[in-house]
Amino acid sequence: VLKRFRVQLRTIAEAGAAPQAPVTGAAPGASATNAAPAMAFQQMADGEALTTSLGQVLRLFTGGRARLGAPRGDARRRADEVERTAALQRPFYLAAREVSNGEFRRFLATHHVAPLGGVTLDDDAQPVANVDWALAAQYCNWLSLRDGLPLFYQISYGTVLGVNPAATGYRLPTEAEWEWAAGSEANGARRAHPWGDAPTPPPRSGNYADGSAASLLGEVLRGYDDGFAAAAPIGSFAPDTRGLYDL
């Protein structure tokens, strides 16, 4: 089950389409930058943005190397974990923030999240919760249709049958893309956690299972308190060096 997710956009340049094609079916009123020609990514810097028709900001990243797993000497390594490196050779856009309950309800008005220990997870500004992978894929296709983009997922009656790798519509990040975004700084330096290498996060650095959630969860980060017993409204904390929130 996916507790939270954020959308991603494959650029036409990434998919190898003709240079004259637009990067995205930009929403009415989108800036010229958002509607740049496909090959313009070569002149664009990491972090440049486009906006969906719902107002969600996605940032452009031109790739890098992601380390998946952990080395044998790492105390946090699981027994079945194998360290490997993946090269991200294609540019992609990644949403700066998670999808909120309110944004998800634009797709599915009946979406509702039950409270956790009496604490709500259902506010419009909170990240969408209790959505499985197939429903998240359906949301991506719905947003692609809304923005005039080719569908990435092949879906029939709620079942994901396959994907269209050449499509430039919205999709979920791959494991390697997520590890790269969450596990490294804008300068390429590795980090053990989204907040850095320290075992515990510095004050007000993110929404984590901390002391305020002790009555709801079995394991928490002692000595840290973000002020929210459950999920904080998206964007409540400062972004990382790439401009991404809530990693």
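Residues numbered from 1 in each chain as written. Predicted model: local features only at pLDDT ≥ 70, side-chain atom pairs only at ≥ 80, totals over all residues. Heavy atoms only, no water.

### Things to note about the overall build of the chain
No. 1: Per the secondary structure count, the chain includes four helices and nine strands.
No. 2: N-terminal to C-terminal, the α/β element order of the chain is β-α-β-β-β-β-β-α-α-β-β-β-α.
No. 3: Residue burial in the chain is summarised as follows: out of 247 residues, 44% are buried.
No. 4: Within the chain, contacts between residues at least 6 apart in sequence are counted, and of these 56% link residues at least 24 apart.
No. 5: Carbon together with sulfur atoms contributes 53% to the accessible area of the chain, which is approximately 12,300 Å² in total. (Helix = DSSP H or I, 4+ residues; strand = E, 2+ residues; numbered from the N terminus. Buried < 20%, exposed > 50% of the residue type's maximum accessible area, 1.4 Å probe, protein only. Contact = heavy atoms within 4.5 Å. Areas by Shrake-Rupley, 256 points an atom, 1.4 Å probe, with all protein chains shown as cover.)

### Things to note about helix 3 (residues 133-146)
No. 1: Between its first and last C-alpha atoms helix 3 spans 20 Å; for 14 residues at 1.5 Å apiece the expected length is 20 Å, and the two agree.
No. 2: Among the residues of helix 3, those classed as buried are Ala134, Ala136, Ala137, Tyr139, Cys140, Asn141, Leu143 and Ser144.
No. 3: Here the buried face of helix 3 lies against helix 2 (101-107), strand 7 (153-156), strand 8 (159-163) and strand 9 (170-171).
No. 4: Taken from the residues just after helix 3, glycine 148 is the one with a positive phi, measuring 70°. (Expected span 1.5 Å × (residues − 1).)

### What to know about the pattern of salt bridges
No. 1: Applying the stated criterion to the full structure yields seven salt bridges.
No. 2: The residue glutamate 185 makes a salt bridge to arginine 191 at a minimum N-O spacing of 3.2 Å.
No. 3: When its relative accessible area of 4% is taken as the criterion, arginine 191 is described as buried.
No. 4: One salt-bridge network, held together by shared partners, links Arg105, Asp122 and Asp124. (Salt bridge = Lys/Arg side-chain N within 4 Å of Asp/Glu carboxyl O.)

### Considerations on the side chain of histidine 111
No. 1: Position of histidine 111 relative to the elements: it lies in the loop between helix 2 and helix 3.
No. 2: Looking at histidine 111, its side chain comes within polar contact range of the side chain of asparagine 101, at 3.0 Å.
No. 3: With residues up to four places along the chain from it excluded, the contact list for histidine 111 reads Asn101, Phe104, Arg105, Asp122, Val128, Ala129 and Val131. (Polar contact = N/O pair within 3.5 Å; in protein donor to acceptor, adjacent residues only side chain to side chain.)

### Considerations on the environment of glutamine 56
No. 1: On the secondary structure map, glutamine 56 appears in the loop between strand 2 (49-51) and strand 3 (57-61).
No. 2: Overall, glutamine 56 belongs to the buried group, its relative accessible area being 7%.
No. 3: The sequence separation of glutamine 56 and glutamate 98 amounts to 42 residues, and the corresponding C-alpha distance is 9.1 Å.
No. 4: One polar contact links glutamine 56 to threonine 52, side chain to side chain, over a distance of 2.8 Å.
No. 5: A polar atom in the side chain of glutamine 56 sits 3.0 Å from the side chain of tyrosine 139.

### Overview of the nonpolar core
No. 1: If you look at the biggest cluster of nonpolar residues, it comprises 21 residues, and the most contacted ones within it are Leu58, Phe104, Tyr139, Tyr153 and Tyr170.
No. 2: At the level of secondary structure, the elements contributing two or more residues to this core comprise strand 3, strand 6 (92-95) and helix 3.
No. 3: Listed in part, the 11 residues of the second largest apolar core include Phe61, Ala176, Ala181 and Leu247. (Core = buried A, V, L, I, M, F, W, Y, C linked by side-chain atoms within 4.5 Å.)

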